[in-house]
Amino acid sequence: MGEVIVVTSGKGGVGKTTTSANIGTGLAATGHKVVLVDTDIGLRNLDVVMGLENRIVYDLVDVTSGNCRLKQALIKDKRFSNLFLLPAAQTKDKTAVSPEQMKLLAAELKEEFDFAIIDCPAGIEQGFRNAIAGADRAIVVCTPEVSAVRDADRIIGLLEAAELRNPKLIINRIRPEMVKRGDMMDIADILDILAVDLIGVVPEDESIVISTNRGEPAVMDQVSKAGEAYRRITRRIQGEEVPLMNLDVPSGIMDRLKRLVGFR
Amino acid sequence: MTRTEHVALKGTREGLVLYLDPAADFGVLMKELAKLLQNSVQFLQGASVRCYAGKKEYTEDEHTRLGTVLREQQLELAGWLTSEEVFVQGKSQAYATEDQETRLWEEGMVEGSCLFVERTLRSGKSVQFDGHVVVLGDVNPGAEIIATGNIAVLGALRGVAHAGATGERKASVSAYYLAPTQLRIADLVTRGPEDEADGRGPEIARIKEDQLIVEAAGMNGWRGKAR
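Predicted model, so just to flag it, every value in this text is computed and none were measured.

Draft legend 1. Region of the structure containing the overall build of chain B. Along chain B, the regular secondary structure elements total four helices and 16 strands. Relative to its 227 residues, chain B shows a buried fraction of 26%. For chain B, contacts bridging at least 24 residues in sequence account for 30% of all contacts bridging at least 6.

Structure below.
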């Protein structure tokens, strides 16, 4: 019996799809059988990020409405034979699927796979309700911005109301230099408001842009800092206790001199 | 105190009081009174007696009859007592309660039904209650509390709080960490204070002279522990 994890946020553009692709790939790399499900019907992106957009024949709506079997719609990943993608439909919208259909689908996926990662669309309406319908656990993605934290708080409230307790938090796109200057919210400020367990912190990294364009998730990139963060998150999802990455920028001569003299 | 079934004679600092059972028939009362007085004749002579018969009103005729019986024993009927002037067993509680109520009012206490919310209110949650509201947790931005009475938050108030929602200007809003996006009491609205609430401690907001003001709340014990 596998686990169904939904990756949600409320706010758009904070990194749900990137996170889903990376932790899905990371879990597959450690040997588990993983399926990624894109529930953003009408605005599908997970296939692009995974580099599999040319291989789509059937999609999620075809499966839930009975046009095809689940096996026909699943796309095997380019790099890992134990990683699959169930893409969303692009020509329909979120009313094409119901929460009950999603629950049945989740039950079917749990039988075959160790992990099913559900990429939730932005918002709190039908798309969100569809995505959380069959989930066992939830991961909330949030950037260190007031608006994102506000929306994450709302989403956590809705998750708790839907009996998805103890959602875990990923703080994405954090810039340590800005945090040090006081220009960006730091981790403690965010946790103060959201009051949930932190499962990872991912720094802002140019390699994400490059990896998205190439269709190769950053978690496989040994140089990328964001990739390293996602690798650690993958280990934490499996229950391992891993310390948070040290995100401090290495200080140059001037910084060290300043500290010697007494400037902060 | 000497008594029969429907009549009792009691000595007080102000003289003798004759208790008459208001439910009894007057004839019975007179008979019993005569008997009572006969048995206690020695130490009653010359005294003036005031009568108490609860709420019962006696007729003119009955008054004179009573007066005659008493005079036979050299007792003067001096008047009738009202319930307030008479000490009756079981009435003591009433007096005590009245005292308490006066005390409450002076010390600035307010009573009323109260809703206890034992969790943090997240964004989007709206709590509305006819009465006071106490939150044992935080109120996050985007959450709101609307109460007809006072609002107290045992945590951080970062959302919207509207106390005295139906017009009660004496209502107050208090929190351990008062940093609301908007604060409303009755018909007055104000934004939260601009500066960081860190280190200010518990605060209470109320209307004073037509203005919404925020002042440090008394809670010295809390402050002591925080330092």
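Draft legend 2. Looking closely at the sheet that holds strand β11 (residues 160-163) of chain B. Residues and elements named next belong to chain B. Judged by pairing direction, the sheet is mixed, and its five strands sit side by side in the order β7-β9-β11-β13-β14 without closing on themselves. The sheet terminates laterally at β7 (126-129) and β14 (188-191), the two strands that pair on one side only. On average, each strand axis in the sheet is inclined to that of its neighbour by 10°, with strand direction left out of account.

Draft legend 3. Highlighting the nonpolar core. Of all hydrophobic cores here, the largest spans 72 residues; its most connected members are A:Ile117, A:Ile118, A:Val140 and A:Cys142. With six residues, helix α7 (residues 146-161) of chain A is the largest single contributor of residues to this core.

Draft legend 4. Representation of helix α11 (residues 225-237) of chain A. Residues and elements named next belong to chain A. A rise of 1.5 Å per residue sets the reference length of α11, with its 13 residues, at 18 Å; its end C-alpha atoms lie 19 Å apart and thus fit the reference within 8%. Against α1 (16-29), β7 (168-174), β8 (197-203) and α10 (206-214) lie the buried residues of α11. Within two residues after α11, Gly 239 carries a phi angle of roughly 105°, on the positive side.

Draft legend 5. The pairing of β11(B), seen in detail. Residue and element names in this part refer to chain B. The two faces of β11 match: Val 160 and His 162 on one face and Ala 161 and Ala 163 on the other face are all buried. As defined by bridge partners, strand β9 (residues 144-147) adjoins β11 across three bridges and the pair is classed as parallel. Looking at the pairing, Ile 145 lines up with Ala 161 of β11.

About the thresholds
Residues numbered from 1 in each chain as written. Chains lettered and ligands numbered in written order. Predicted model: local features only at pLDDT ≥ 70, side-chain atom pairs only at ≥ 80, totals over all residues. Helix = DSSP H or I, 4+ residues; strand = E, 2+ residues; numbered from the N terminus. Buried ≥ 20, exposed ≤ 12 C-beta atoms within 10 Å, placed from the backbone. Contact = placed C-beta atoms within 7 Å. Pairing = 2+ DSSP bridges. Axes fitted to C-alpha atoms, helices over the stretch in contact; angles between N-to-C directions. Core = buried A, V, L, I, M, F, W, Y, C linked by C-beta atoms within 7 Å. Expected span 1.5 Å × (residues − 1).

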